[in-house]
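Spelled out, the chains give:
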Amino acid sequence: MSREERRAYQRMSKKQDPYAAPVNPAVRARQEKLRARRAQAARNAPPPVVGGITRRFLGWVLGGGGVAGLVAFSLAWPSGMPFAAYVGLGAAAVWIGLGFGVRALLARGGPPPPRR
């Protein structure tokens, strides 16, 4: 849009309320449909879980524990087999413990972080 066109548009819409409801019945019907759809989605949404254990949380904690255990196991491998296995299990246990500890702290703190 050129500068002239923008100024002409501003002159035309100078006294109009930008927050006024649309007059077009089709636009109004579409907005009502959208409001109804959002209300239905809000009613059907599962209740928010504060500090609860969900599948997603378990996947992240257990998967991260497995990866941390394997990395620690492979780093401790040159020192011998039983020690490397203990280091891997210990690293996995620490990761899982930290995950559950952070979840417990978040449950005590306040509202959960927004979901993406």
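First, a word on scope: everything that follows refers to the structure included in this document.

This part covers the environment of R3. The topology assignment puts R3 in helix α1 (residues 3-12). A residue is classified by how much of its surface remains accessible, and R3, at 56% relative accessible area, is exposed. Each C-alpha atom, one on R3 and one on P18, is 21 Å from the other, the two residues being 15 residues apart in sequence.

Evaluation of the coordinates by the stated rule reveals 1 salt bridge. Of the charged contacts, one joins E32 and R35 as a salt bridge, the two residues approaching to 2.5 Å between their closest N and O atoms. Placement of the pair is E32 and R35 together in helix α2 (residues 25-44), with a separation of 3 residues, close to one helical turn. Look at E32 and you get partly exposed, because its relative accessible area is 43%. On the basis of relative accessibility, which here comes to 48%, the residue R35 falls in the partly exposed class.

Calculation rules
- Residues numbered from 1 in each chain as written.
- Predicted model: local features only at pLDDT ≥ 70, side-chain atom pairs only at ≥ 80, totals over all residues.
- Heavy atoms only, no water.
- Helix = DSSP H or I, 4+ residues; strand = E, 2+ residues; numbered from the N terminus.
- Buried < 20%, exposed > 50% of the residue type's maximum accessible area, 1.4 Å probe, protein only.
- Salt bridge = Lys/Arg side-chain N within 4 Å of Asp/Glu carboxyl O.

In short, shape yes, function no, at least from these values alone.
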